[in-house]
Amino acid sequence: MKEQVLVSGGAGYIGSHTAVALIEAGYDVVIIDNFSNSDMGAVEGVRKITGVEVPFEQVDCCDKEALRAVFKKYPFKSVIHFAAYKAVGESVADPLKYYSNNLNSFVNILELMKEEGRNNVLFSSSATVYGEPVELPVTEQTPRQPATSPYGNTKQMCEDILRDTAAAYEGIKGIALRYFNPIGAHPSALIGELPRGVPNNLVPFITQTAAGVRECLSIFGDDYNTPDGTCIRDYIDVVDLAGAHVAAIARLVEGKNKESYEIFNVGTGNGTSVMELVTAFERVNELKLNYKIVGRRSGDVESVWADTALANDELGWKAVRSTDETLQSAWAWEKKVRGL
Ligand code: UD1
């Protein structure tokens, strides 16, 4: 029998790409989502790409009894927990919304894993836990910095909840994957990033500006201490990122983990500035982007990119897609969404 994996938030951006990657790697997948920031389109996209009628349940992970019914119905041993709110600014304005949703949903998942005897869990963490890093590139040993937003705090708290849970209860093993900046879309253009309202993140803002949905991209600051003055990030193709989840699940399923709780950086190891990304987007897609330089965005860190040696060595995984092809896939997806 195939190994089954529950993917919470599987209708979301990273969840849907991971569902595809798991199915392509031979896993059975069950998707749950409450559609708070997604819709059935992504589930249909996953089914179309894979040709598999992936089971889907519309469930909110904060509803423990509804979640229990999913645990009773499906025999999965592994869970990938993506379901969470992720807008930094909103979390500052409405912190209780973030603490309530992001913490309760994860605690419910872990309690049910314990109660129902399930073993393996991956948690979607973020490079945001490093704050303004004390060293570059950042390794998993680089100290976390105090969170600068409730959103970031929920990532740190959930990491700690997983660490303590995996230490205390025999049979539960966990991995936190610290994502750098996921961008791009599936090459089929059947799934991709679909932010509601004005995008917070750079690449959806770029593609929406190119599509004429937004008038002008604002580049937040060109007076940073970097070669061109704009911030530097580690942009990773979402399909590569999805592959890291498959490798991490395999590590747990095959019992190759060295500790009950492990952390891996998931990035490319390369830093790219905002200006370099904008210029590359224009070049590979042969268009001109309307942009202007504005003041810094509060809370932004200057530079962050990953040391990926641990993930490369221990997970046997490496990001392979070029930024150019990723920026092409991002634009192909935006065009598809807009009917261009
Ligand atoms: C942000 C969050 C991070 C979260 C991640 C999720 C902050 C401070 N960090 O990361 O916690 O895990 O999203 O994807 O919000 N930029 C512009 N113009 C724009 C948008 C962005 O110049 O319209 C710049 C930003 O200043 C930054 C870079 O683009 O230098 C990347 O920004 P973004 O995509 O929002 O990601 P992060 O801020 O790195």
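Every value quoted in this text rests on a predicted model; they were computed, and no experiment measured them. (Residues numbered from 1 in each chain as written. Predicted model: local features only at pLDDT ≥ 70, side-chain atom pairs only at ≥ 80, totals over all residues. Heavy atoms only, no water.)

**What to know about the sheet that holds strand E4 (residues 78-81)**
Next, step 1: The strand order across the open sheet formed by seven strands is E3-E2-E1-E4-E5-E6-E11, and the pairing between neighbours is parallel. The open sheet has two edge strands, strand E3 (56-58) and strand E11 (261-266), and neither has a second partner. Adjacent strand axes in the sheet meet at a mean angle of 20° when their direction is disregarded.
Next, step 2: Relative to E4, strand E1 (residues 4-8) is paired through four bridges, and the arrangement is parallel. Its bridge partner being in E4, Leu6 is matched across the sheet by Val79. (Pairing = 2+ DSSP bridges. Helix = DSSP H or I, 4+ residues; strand = E, 2+ residues; numbered from the N terminus. Axes fitted to C-alpha atoms, helices over the stretch in contact; angles between N-to-C directions.)

**Concerning the nonpolar core**
Next, step 1: Ranked by size, the top nonpolar core spans 45 residues in total, and within it Leu22, Val29, Leu122, Leu177 and Trp317 carry the most contacts.
Next, step 2: Where this core is concerned, the elements lending two or more residues are E1, helix H1 (13-24), strand E2 (28-33), helix H2 (40-50), strand E6 (173-179), helix H8 (238-253), E11 and helix H10 (309-315).
Next, step 3: Element by element, the count of residues in this core is highest for H8, at 11 residues.
Next, step 4: If we ignore the near neighbours within four places in the chain, the residues touching Leu122 are Val79, Ile80, His81, Ile175, Leu177, His245, Ala248, Ile249 and Leu252.
Next, step 5: The next biggest cluster of nonpolar side chains, apart from the first, holds 27 residues, and it includes Val30, Met113, Cys158 and Ala166. (Core = buried A, V, L, I, M, F, W, Y, C linked by side-chain atoms within 4.5 Å. Buried < 20%, exposed > 50% of the residue type's maximum accessible area, 1.4 Å probe, protein only. Contact = heavy atoms within 4.5 Å.)

**Some words on the site of the ligand**
Next, step 1: Among the 20 residues in the neighbourhood of the ligand, the closest are listed as Leu202, Ser218, Arg233, Arg297 and Asp300.
Next, step 2: Tyr151 places a polar side-chain atom, nitrogen or oxygen, 2.9 Å from an oxygen atom of the ligand.
Next, step 3: Between the ligand and the protein, one listed contact pairs an oxygen atom with a side-chain N or O atom of Asp300 at 2.6 Å.
Next, step 4: Contact with the protein chains hides 88% of the accessible area of the ligand, taken as 740 Å² for the molecule alone. (Near = heavy atom within 4 Å. Polar contact = N/O pair within 3.5 Å; in protein donor to acceptor, adjacent residues only side chain to side chain. Areas by Shrake-Rupley, 256 points an atom, 1.4 Å probe, with all protein chains shown as cover.)

**Section: the pattern of salt bridges**
Next, step 1: Summed over the entire model, instances satisfying the criterion amount to 25 salt bridges.
Next, step 2: Between Glu254 and Lys256 there is a salt bridge, and its shortest N-O distance comes to 2.9 Å.
Next, step 3: Classification of Lys256 by relative accessible area gives exposed; the value is 52%.
Next, step 4: Because the salt bridges share partners, they merge into one network encompassing Lys64, Glu65, Arg68, Lys72, Glu111, Glu115 and Glu116. (Salt bridge = Lys/Arg side-chain N within 4 Å of Asp/Glu carboxyl O.)

**Digging into H2**
Next, step 1: Those residues of H2 lying buried are Ala42, Val43, Gly45, Val46, Arg47, Ile49 and Thr50.
Next, step 2: On its buried face, H2 sits against H1, E2 and E3.
Next, step 3: Residue Asp39 occupies the N-cap position of H2, its side-chain oxygen lying 2.8 Å from the main-chain nitrogen of Gly41.
Next, step 4: The positive-phi residue at the C-terminal boundary of H2 is Gly51, with phi of around 70°.

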